[in-house]
Amino acid sequence: MDKNFAARRRRDLVIAAVLAALAALAPLFVKDVYVQNILILTLMYAALSQSWNILSGYCGQISLGHALYFGIGAYTTELLFTKFGVLPWFGMLGGGVIAALIAMGLGYPFFRLRGHYFVIATIVIAEIGLLLFQNWEWAGAAMGITIPVRGDSWLKFQFMRSKLPYFYFALVLCCLAWFVTWWLEDSKWGFWWRAVKDNPEAAESLGVVVFNSKMGAAAVSAFLVAIGGAFYAQFLAYIDPESVMGFQFSLLMALPAVLGGIGTLWGPVLGAAILIPMTELTRSYIGGSGRGVDLIVYGTLIVLISLALPQGLVSLFSRAKSKGATR
Amino acid sequence: MTAQAIIQSLASGLLMGLLYGLIAVGLALIFGLMDVVNFAHGEFLMIAMYVSFFLFAFFAIDPLLSAPLVAAALFVFGAVVYLLIVRFAMRAKANAGMVQIFSTFGLAIVMRGLAQFFFTPDYRSIPQSWLGGKTISFAGVFLPEPQLIGALVSILAFAGLYFFIHRTDFGRALEATREDPGAVALVGIDKNRVFALGWGLGAALVGLAGAIMASFFYIYPDVGASFALIAYVTVALGGFGSVFGAFAGGIIVGLVEATTALVLPPSLKSVGIYAVYLLVVFIRPRGLFGQM
Amino acid sequence: MTALLETRGVWQRFGGLVANSDVSISVGRGEIVGLIGPNGAGKSTLFNLIAGVLPPTQGTIWFDGEDVTKMPAAERCQRGVGRTFQVVKSFETMTVIDNVIVGALVRNTVMREARRKAHEVLEFTGLAARADVRASDLVPAEKRRLEVARALATEPKLLLLDEVLTGLTPTEAQTGVALVRKVRDAGITVLMVEHVMEIVMPLVDRAIVLDLGKVLVEGKPTEVVRDPKVISAYLGDRHAVSA
């Protein structure tokens, strides 16, 4: 039994390495900037969703306000860069730390809330953040911040001529988020989180400090999402509150995990790989002409998958596997 | 700031609050009945506003008159949504909460898409409704007529709902089902039928609100989003599932919004509502009137 | 040697309702003690107070020579209190082995050791064959057993069993009784709440009968069942009338 388990863990790692290597080679074949753009976004949302999944999937605390941490990552990086000349790399880390601290600070009152009260509180706090940034003159208010062009360099993490560096960074971020999940899944934290999700009272009786578990999950999750936000800001070279902190980000972080399989290792990646290209393609091919057809397709898919496969697309794989395994 | 101004804004806050209550009560009803939050509630409102708009545009029926028609249309719509989607969402064995959230959320997105497709993203309004733009002056306080009528309709609707729940057979079945869904099956009440009717009723109430709103608010595919969050806050403030709580929650939200607008720039007026929500649930994690 | 567990003058009130009034009991090391009484006697409340779900309104609880009255449940578990739930609370989406690993992690921070411990406990409780099954796919008797396994994985000094034998078929109950004996033989003290006397009486060393929130009688099971006070307390309760 133990051997099976270790073998499965190793297999996951090998699959991930192969996929990452294949993805790294993709730019050799994909020269089209539009397609590269989609790949970058796919990788970014995979990373974000993977991070969201830690708090909401594994630990079961459904957040629809993660846009807050995304925006904090973006704003910390750009405010430090434009106002104080701090390199984006430090801003990125700083944003991650600030987001994690805020997540824990909010955790104190929030984690007492149950069910819908919690979900709504997360939406509300992200809305408050959005409104505050929209009215914060020093941070550019609703006009936002344009990131000054300083020439292409890794030091300044800024590239105008080619999108490939962003692609590779997004790939690394995606791998990082996946690896962190993989690593935590078979750790004390991973078990605690799943126990808290399934039954907090029973978890408490087995020595799990429920509150600390949630705090840990919130911190890791917010940190990684903020890194994503910092990346996105550099990638866009322009930020404003709506375009880095809008509700749609909270949604776009949650959906890949939900569609792929919430609380699973592969769910977010699988979900993002299907959802993001589909979103982008429907938006550009039918979205422009058909007025809302993209939303119709997209929404229908969400309804159907959540009804037909409550455990996400990954359950298709495990179902096939368990069928093969029955004697 | 004069006393006049304060009274003025509290009065309009109160009127708006009564309307918020009416928008939210359907959500509370459905939640109380079956523990499901309809994340497409805002889109129900949006559809109601469009129905009202087209009844006006094609048949020149004033929103005030068409309100019962809109409510009836929404009743059917709500019941159909239950039968086609929610019924199946409730059967989910794994990730039940998630399935409920995202199946109704997906529906919201579809509805927005459909509205964009059929009605275009343009902003529309009903220009010459009976009430639109008129105000009544009362001791120096100006009250817009549509909101005033809206508030009256809301109070009547709540009174009717109270009567309905406590005095009719269906109302009693509704109460019984929410108290003990298992037991009602034993006495021969078809749970699915009660749920479908509950969804119909919830949607009809938001339909009523939508018809009123149509006479003084812009109508566009995303209009629901801005009211949905307020509706969730209203319902949560009142304590999920409590019909009376939605009424009180709506008034509180309206007053808080008006008060915030007095002290903060208008663009921040929602912050007050959100802050009050957080404050209330931190002190009472189950809302003001929710059972602890 | 002091008792492993002691409650001193414990009261619990819920509004106007008094669930426990002035309850003082003690459980010695290595004992199997049965906590019995008719419905509404306050057994579950006392059980929850000992497990640390909520603090008592008044009085103190001592475990292993330490005042644990205000200590939260998780910390009591770390001190050596393991428990099961009357209404089973499995981690439904997790496999049996993963359920038990959660418990094992209290004393084993290295995953490999926790896993080994969990397998050991599954062998001990006879669930080894079901290790990779999802908890939601277990039959009720297995779920009860899983509750016990999970608690045992925390390596408790005191195991609190909340009606683990109730509602089982006679055969299942027999295996359950054997398991409780085995647990005691492994050096773990057991305090078990049961509603139905027939099942527990042959098993326990000592029985404490609660009625109306108070300790009614305490003593050897054979004496307790003959006590007129116990008989009259149970008489109103048809399900449990016994020898």
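Procedures and definitions
Residues numbered from 1 in each chain as written. Chains lettered and ligands numbered in written order. Predicted model: local features only at pLDDT ≥ 70, side-chain atom pairs only at ≥ 80, totals over all residues. Helix = DSSP H or I, 4+ residues; strand = E, 2+ residues; numbered from the N terminus. Rg over C-alpha atoms; globule rule 2.2 N^0.38 Å. Contact = placed C-beta atoms within 7 Å. Pairing = 2+ DSSP bridges. UniProt positions renumbered as here; feature names shortened; annotations may be inferred. Axes fitted to C-alpha atoms, helices over the stretch in contact; angles between N-to-C directions. Core = buried A, V, L, I, M, F, W, Y, C linked by C-beta atoms within 7 Å. Buried ≥ 20, exposed ≤ 12 C-beta atoms within 10 Å, placed from the backbone. Expected span 1.5 Å × (residues − 1). Parallel < 35°, antiparallel > 145°, perpendicular 65-115°, else oblique. Left-handed = near helix turned anticlockwise from the far one by under 90°. Nonpolar A, V, L, I, M, F, W, Y, C, P; charged D, E, K, R; others polar.

**Let's talk about the overall build of chain B**
No. 1: The number of helices and strands found in chain B is 11 helices and 2 strands.
No. 2: In chain B, the order of α-helices and β-strands from amino to carboxyl end is α-α-α-α-β-β-α-α-α-α-α-α-α.
No. 3: The C-alpha radius of gyration computed for chain B amounts to 19 Å, which stays within 12% of the reference 19 Å derived for 292 residues, consistent with globular compactness.
No. 4: Here the C-alpha coordinates of chain B stretch approximately 60 × 50 × 35 Å along the principal axes.
No. 5: Of the contacts formed within chain B by residues at least 6 apart in sequence, a portion of 77% connects residues at least 24 apart.

**Here's the deal with the sheet that holds strand β5 (residues 66–67) of chain C**
Residue and element names in this part refer to chain C.
No. 1: The antiparallel open sheet is built from 4 strands, whose spatial order is β2-β1-β4-β5. Edge positions in the sheet fall to β2 (17–27) and β5, since each has one partner strand and no second.
No. 2: Here strand β4 (residues 58–63) pairs with β5 via 2 bridges, running antiparallel. Bridging across to β5, Trp62 finds its partner in Asp67.

**Notes on the UniProt feature "transmembrane region" (unreviewed entry) in chain B**
Residue and element names in this part refer to chain B.
No. 1: Mapped onto this structure's residue numbering, the UniProt feature "transmembrane region" (unreviewed entry) falls at residues 6–32, 44–61, 67–86, 98–119, 148–165, 194–220, 226–256 and 268–285.
No. 2: For residues 98–119, the end-to-end C-alpha separation is 31 Å, with 100% helix and 0% strand making up the annotated structure.
No. 3: Across residues 226–256, the secondary structure splits into 87% helix and 0% strand, with the terminal C-alpha atoms separated by 16 Å.

**A closer look at the interface of chain B and chain A**
No. 1: In this complex, chain B contributes 39 residues to the contact, which on the side of chain A involves 32 residues.
No. 2: If you list the elements that add at least two residues to the side of chain B that touches chain A, you get α3 (63–89), α4 (96–119), α9 (223–238) and α11 (269–283) of chain B.
No. 3: If you tally residues by element for the side of chain B that touches chain A, the top one is α4 of chain B, at 14 residues.

**Here's the deal with the sheet that holds strand β6 (residues 81–83) of chain C**
All names here are of chain C.
No. 1: Read across the sheet, 6 strands follow the order β6-β7-β8-β3-β9-β10 without closing on themselves; strand pairing throughout is mixed. Taken across any chain shown, the strands that pair with only one partner, and hence form the sheet edges, are β6 and β10 (214–219). The sheet shows a mean angle of 20° between the axes of neighbouring strands, taken without regard to direction.
No. 2: Inspection of the sheet shows strand β9 (residues 206–211) paired to β10 by 5 bridges, in the antiparallel sense. Bridging from a neighbouring strand, Asp211 pairs with Lys214 of β10.
No. 3: Sheet contacts for helix α6 (residues 170–185): β3 (32–36), β7 (158–162) and β8 (189–194); angle to β8, the most-contacted strand, approximately 150°.

**Considering the nonpolar core**
No. 1: In terms of nonpolar packing, the biggest core is built from 290 residues, with Ala170 of chain A together with Val233 of chain B touching the most fellow members.
No. 2: The biggest single contributor to this core is helix α1 (residues 3–34) of chain B, with 16 residues.

**Here's the deal with helix α11 (residues 247–260) of chain A**
All names here are of chain A.
No. 1: Between its first and last C-alpha atoms α11 spans 21 Å; for 14 residues at 1.5 Å apiece the expected length is 20 Å, and the two agree.
No. 2: α11 sits mainly inside the fold: 11 of its 14 residues count as buried.
No. 3: Along α11, the residues that are buried comprise Phe249, Ser250, Leu252, Met253, Ala254, Leu255, Pro256, Ala257, Val258, Leu259 and Gly260.
No. 4: Taken from the residues just after α11, Gly261 is the one with a positive phi, measuring 140°.

**Topic: the UniProt feature "transmembrane region" (unreviewed entry) in chain A**
Residue and element names in this part refer to chain A.
No. 1: The feature "transmembrane region" (unreviewed entry), as given by UniProt, occupies residues 54–75, 87–111, 117–133, 166–184, 215–239, 251–276 and 296–317 in the numbering adopted here.
No. 2: Measuring from the first to the last C-alpha atom of residues 87–111 gives 35 Å, for a span that is 92% helix and 0% strand.
No. 3: End C-alpha atoms of residues 166–184 are separated by 27 Å, and the span's content is 100% helix alongside 0% strand.

**Quick look at the packing of helix α13 (residues 293–308) of chain A against α4 of chain B**
Two numbers describe a pair of packed helices, the interaxial angle and the distance between the axes.
No. 1: Orientation of α13 of chain A relative to α4 of chain B, taken along the N-to-C sense of each, is 160°, at an axis distance of 7 Å. Of the possible angle classes, the one that applies to α13 of chain A and α4 of chain B is roughly antiparallel. Here α13 of chain A and α4 of chain B pass one another in a crossing that is left-handed.
No. 2: A class-by-class count of the residues in the contact of α13 of chain A with α4 of chain B yields 15 nonpolar, 7 polar and 1 charged.

**Observations concerning the pairing of strand β1 (residues 135–138) of chain B**
Residues and elements named next belong to chain B.
No. 1: Sheet topology note: the β1/strand β2 (residues 141–144) ladder contains 4 bridges and is antiparallel. Its bridge partner being in β2, Ile136 is matched across the sheet by Leu143.
No. 2: In sequence, β1 turns back onto β2 through a hairpin of 2 residues, with Ala139 there showing a positive phi of about 50°.

**Some points on helix α5 (residues 140–153) of chain C**
Residues and elements named next belong to chain C.
No. 1: An ideal rise of 1.5 Å per residue puts 20 Å on 14 residues; α5 measures up with 20 Å between its terminal C-alpha atoms.
No. 2: Burial runs high along α5: 11 of the 14 residues are buried.
No. 3: Within α5, the full set of buried residues consists of Glu142, Arg144, Arg145, Leu146, Glu147, Val148, Ala149, Arg150, Ala151, Leu152 and Ala153.
No. 4: Against the buried residues of α5 lie β6, α3 (96–104), α4 (111–125), β7 and α6.
No. 5: Glu155 occupies a position one or two residues after α5 and carries a positive phi of about 50°.

**Details of the packing of helix α3 (residues 67–84) of chain A against helix α5 (residues 115–134) of chain A**
Residues and elements named next belong to chain A.
No. 1: In contact at an axis separation of 8 Å, α3 and α5 are set at 30° when each is read in the N-to-C sense. By the angle between their directions, the pair α3 and α5 is classed as roughly parallel. Residues Ala67, Leu68, Gly71 and Tyr75 of α3 lie in contact with α5, whose contacting residues are Ile125, Ala126, Gly129 and Phe133.

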